[in-house]
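Analysis of the macromolecular model
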Amino acid sequence: MPIQANDMDLVARLQAGDEAAYAQLVEENAARVYRLALRMMGNEADAEDVLQETFLSAFKAIDHFEARSSVSTWLYRIASNAALMRLRRKEPEQVSVDEPIERDDGEMLPRQLFDFCCLPEDDLLREEAREEMAHAIDDLPPTLRSVFVLRDIEGLSTEETANALDLSVPAVKSRLMRARLKLRERLSAYFAQGPVIVESRNRGEA
Amino acid sequence: MSVISSHHHDHTHDHSECQRYLTSLTDYVDGDLDPALCRELETHMAACENCRVVVNTLTKTISLYRQLPAPEMPNAVKERLYAVLDLKPHTLSADEGGDPA
Ligand SMILES: [Zn+2]
C-alpha cells in the first residue's frame with residue numbers, strides 16, 4: 001500500500017515531536033504489532049518484548065521514515081526484524097540469515113493426504129484444532145513463518161509483505177508456497193487421524 | 001473419502017506433470033495465475049485427483065487460518081507499553097485493546 005495522505009500528516013506531526021501523534025501511532029498500531037509478535041514468537045513474554053522494542057525503535061527512527069511504504073507496513077518491518085533477531089539469538093541454528101531458500105523444491109511434491117476440505121466448519125475450527133493450527137505455525141522455520149503471518153493472517157498483499165520483510169516478490173511467493181504446503185500437510189495429517197467428534201470432548205471449560 | 005497413501009499413488013500416476021504445476025499452485029489459489037497457465041492447470045486438475053485435493057485443501061488451510069480468532073493484547077501489556085514509551089494513554093480514546101483497522 002503506498003503511503004496515504006493521513007499517514008503523511010501523522011509522520012509530519014511525529015517528526016515535529018507532537019506527543020499526541022506518538023500516542024496515536026501506538027494506539028492505532030499496537031494491537032496489530034502485538035499480534036504479529038505473538039505469532040512470530042509463540043509466547044506472550046517474548047511478544048511483549050518485541051512490541052516494546054518495535055515502538056522504541058520506531059520512535060528513534062521516525063526522522064528517517066521514508067514514504068515508500070505506509071506507516072503500518074513500516075512498523076511491521078521493524079517488528080519482524082526485531083522478532084527475527086530475537087529468534088536468531090534464541091535458536092541460531094533455526095534462523096540462518098541467508099538461508100538458501102529460493103530453490104524450487106524437488107523434494108516437496110505435495111501428497112494428497114486426507115481431503116479435509118469438506119468437513120463441517122465446526123469440526124475444523126474446534127478448540128483443539130485451533131491449537132494445532134497455532135502449533136503448526138510455531139513449528140515453521142521463522143523465515144517462512146514471517147511471510148505466512150504477514151501475508152495470510154495479517155492480510156498484507158504480496159508487495160507489502162515483500163516490503164516489510166525486505167524480500168523480493170518472487171522470494172515472498174516462494175516462501176509463502178512452502179509455508180502453506182507445510183501447514184496443509186500438517187492439517188491433513190491432523191484431521192485424518194482425528195475422530196472428528198466434538199461431543200466426546202464436550203467443552204468441560206477448564 | 002479416504003487417506004490415499006503416497007506409495008500407492010506413486011505407482012498409478014506420473015508425477016512429473018504435477019511437479020510442473022507445483023510452483024503455480026499458490027498463485028492459483030490467490031487468483032494471481034496467468035490465465036493461460038490457469039486453464040492448463042484446470043485441465044490437468046480435471047484429470048488428476050491428487051492435484052485437485054491438494055488445491056482444495058490448500059485453499060481450505062488458508063481460509064481456516066484467516067478465520068483464527070486474533071489474539072487480544074491484554075490491557076496490562078498495553079499499559080506497560082505506554083509506561084516504557086513514557087506516553088500518557090489518556091491522550092487518546094478509551095477504546096480498549098481493539099484493532100482500529
Ligand atoms: Zn497432478
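Treat the numbers as computed from the prediction; the structure is a model and nothing was measured. (Residues numbered from 1 in each chain as written. Chains lettered and ligands numbered in written order. Predicted model: local features only at pLDDT ≥ 70, side-chain atom pairs only at ≥ 80, totals over all residues. Heavy atoms only, no water.)

1. A word on the overall build of chain B
When helices and strands are counted, chain B shows 6 helices and 0 strands. For chain B, with 101 residues in total, the buried portion stands at 37%. Here chain B displays about 5,700 Å² of accessible surface, and carbon together with sulfur accounts for 53% of that area. (Helix = DSSP H or I, 4+ residues; strand = E, 2+ residues; numbered from the N terminus. Buried < 20%, exposed > 50% of the residue type's maximum accessible area, 1.4 Å probe, protein only. Areas by Shrake-Rupley, 256 points an atom, 1.4 Å probe, with all protein chains shown as cover.)

2. Things to note about the coordination of the zinc ion
Residues and elements named next belong to chain B. With distances of 2.0 to 2.3 Å, the protein atoms coordinating the zinc ion are Cys18 (SG), His44 (NE2), Cys48 (SG) and Cys51 (SG). Coordination at the zinc ion is tetrahedral: its 4 donor atoms span angles of 102 to 116° at the metal. Sequence spacing of the donor residues for the zinc ion, all on one chain, is C-x25-H-x3-C-x2-C. Of the two residues, His44 and Cys51, both sit in the buried class. (Donors = N, O, S within 2.8 Å, 3.2 Å for Na, K, Ca; no water. Tetrahedral: all angles 85-135°; square planar, octahedral: opposite > 155°, others 65-115°.)

3. Overview of unusual backbone geometry
In this structure, Asp166(A) is a non-glycine residue whose phi angle is positive, near 55°. Tracing the backbone through its elements, the reader meets Asp166(A) in the loop between helix 8 (158-165) and helix 9 (169-193). Phi is positive for Asp86(B), which is not a glycine, with a value near 60°. Classification of Asp86(B) by relative accessible area gives exposed; the value is 65%.

4. A word on the confidence of the model for chain B
All names here are of chain B. Looking at chain B, pLDDT values average 79 and 72% of them are 70 or higher. The least confident element of chain B is helix 1 (residues 6-12), whose mean pLDDT is 43; the most confident is helix 6 (residues 75-85), at 96. A low-confidence stretch, residues 1-12 (pLDDT under 50), is modelled with 12 contacts involving residues beyond four sequence positions or located in other chains. Predicted confidence for residues 91-101 stays below pLDDT 50, and this span has 16 contacts to residues more than four positions away or in other chains. (pLDDT = per-residue confidence, 0-100. Contact = heavy atoms within 4.5 Å.)

5. Things to note about the packing of helix 4 (residues 71-90) of chain A against helix 7 (residues 142-153) of chain A
Residues and elements named next belong to chain A. It is at 11 Å that the axes of helix 4 and helix 7 come closest, and there the two elements cross at 155°. It follows that helix 4 is roughly antiparallel to helix 7 by the angle criterion. As helix 4 runs across helix 7, the sense of the crossing is right-handed. Two secondary-structure elements touch here, helix 4 through Tyr76, Ser80, Leu84 and Leu87 and helix 7 through Pro142, Arg145 and Leu150. Classifying every residue of the contact of helix 4 with helix 7 by side-chain character gives 5 nonpolar, 1 polar and 1 charged. (Axes fitted to C-alpha atoms, helices over the stretch in contact; angles between N-to-C directions. Parallel < 35°, antiparallel > 145°, perpendicular 65-115°, else oblique. Left-handed = near helix turned anticlockwise from the far one by under 90°. Nonpolar A, V, L, I, M, F, W, Y, C, P; charged D, E, K, R; others polar.)

6. Focus on the nonpolar core
Within soluble globular proteins, side chains that are nonpolar generally end up buried alongside one another. Formed by 68 residues in total, the largest nonpolar core has its most connected members in Val26(A), Leu51(A), Phe55(A), Phe148(A), Phe191(A) and Tyr65(B). Per element, the largest residue contribution to this core is 12 residues, and it comes from helix 2 (residues 19-41) of chain A. Apart from residues lying up to four places away in sequence, Tyr65(B) is in contact with Met133(A), Ala136(A), Ile137(A), Phe148(A), Ile153(A), Leu183(A) and Leu187(A). Counting residues in hydrophobic clusters, the runner-up holds 16 residues, among them Leu181(A), Tyr28(B), Met45(B) and Val55(B). (Core = buried A, V, L, I, M, F, W, Y, C linked by side-chain atoms within 4.5 Å.)

7. A short note on the side chain of Lys60(B)
In this fold, Lys60(B) is placed in helix 5 (residues 49-67). At 2.7 Å, the side chain of Lys60(B) and the side chain of Glu121(A) are in polar contact. Those residues in contact with Lys60(B) that lie beyond four places of it in its chain are Phe116(A), Cys117(A), Glu121(A) and Leu124(A). (Polar contact = N/O pair within 3.5 Å; in protein donor to acceptor, adjacent residues only side chain to side chain.)

8. So, helix 7 of chain A
Helix 7 of chain A sits mainly inside the fold: 12 of its 12 residues count as buried. Restricting attention to buried positions, one finds in helix 7 of chain A the residues Pro142(A), Thr143(A), Leu144(A), Arg145(A), Ser146(A), Val147(A), Phe148(A), Val149(A), Leu150(A), Arg151(A), Asp152(A) and Ile153(A).

9. Brief notes about the packing of aromatic side chains
For any pair of aromatic rings, the description consists of the separation of the ring centres together with the inter-plane angle of the planes. In total, this model carries 5 aromatic pairs over all chains according to the counting rule given. A centroid spacing of 5.0 Å and a plane angle of 80° characterise the contact between Phe65(A) and Trp74(A), whose relative ring orientation is edge-to-face. The exposure class of Trp74(A) is buried, given its relative accessible area of 10%. Connected via pairs of aromatic rings, a cluster forms that spans Phe116(A), Tyr190(A) and Phe191(A). The cationic tip of Arg20(B) hangs over the ring face of Tyr21(B); the distance from NZ or CZ to the ring centre is 5.0 Å. (Phe/Tyr/Trp six-rings, centres within 6.5 Å; stacked < 30°, edge-to-face > 60°. Lys NZ or Arg CZ within 6 Å of the ring centre and 35° of its normal.)

10. Side note on the pattern of salt bridges
Applying the stated criterion across every chain yields a total of 20 salt bridges over all chains. Here Asp49(A) ties to Arg86(A) by a salt bridge, and the two come within 3.4 Å at their closest N and O atoms. One end of the pair, Asp49(A), is in helix 3 (residues 44-61); the other, Arg86(A), is in helix 4, and 37 residues separate them in sequence. Given the relative accessible area of 16%, Arg86(A) is considered buried. In this structure, the salt-bridge partner of Glu132(A) is Arg186(A), at a minimum N-O distance of 2.9 Å. One end of the pair, Glu132(A), is in helix 6 (residues 127-138); the other, Arg186(A), is in helix 9, with 54 residues separating them in the sequence. Its relative accessible area of 17% is what places Glu132(A) among the buried residues. A relative accessible area of 26% means that Arg186(A) is categorised as partly exposed. The network of salt bridges with common partners includes Arg151(A), Asp152(A), Arg180(A), Asp30(B) and Arg66(B). (Salt bridge = Lys/Arg side-chain N within 4 Å of Asp/Glu carboxyl O.)

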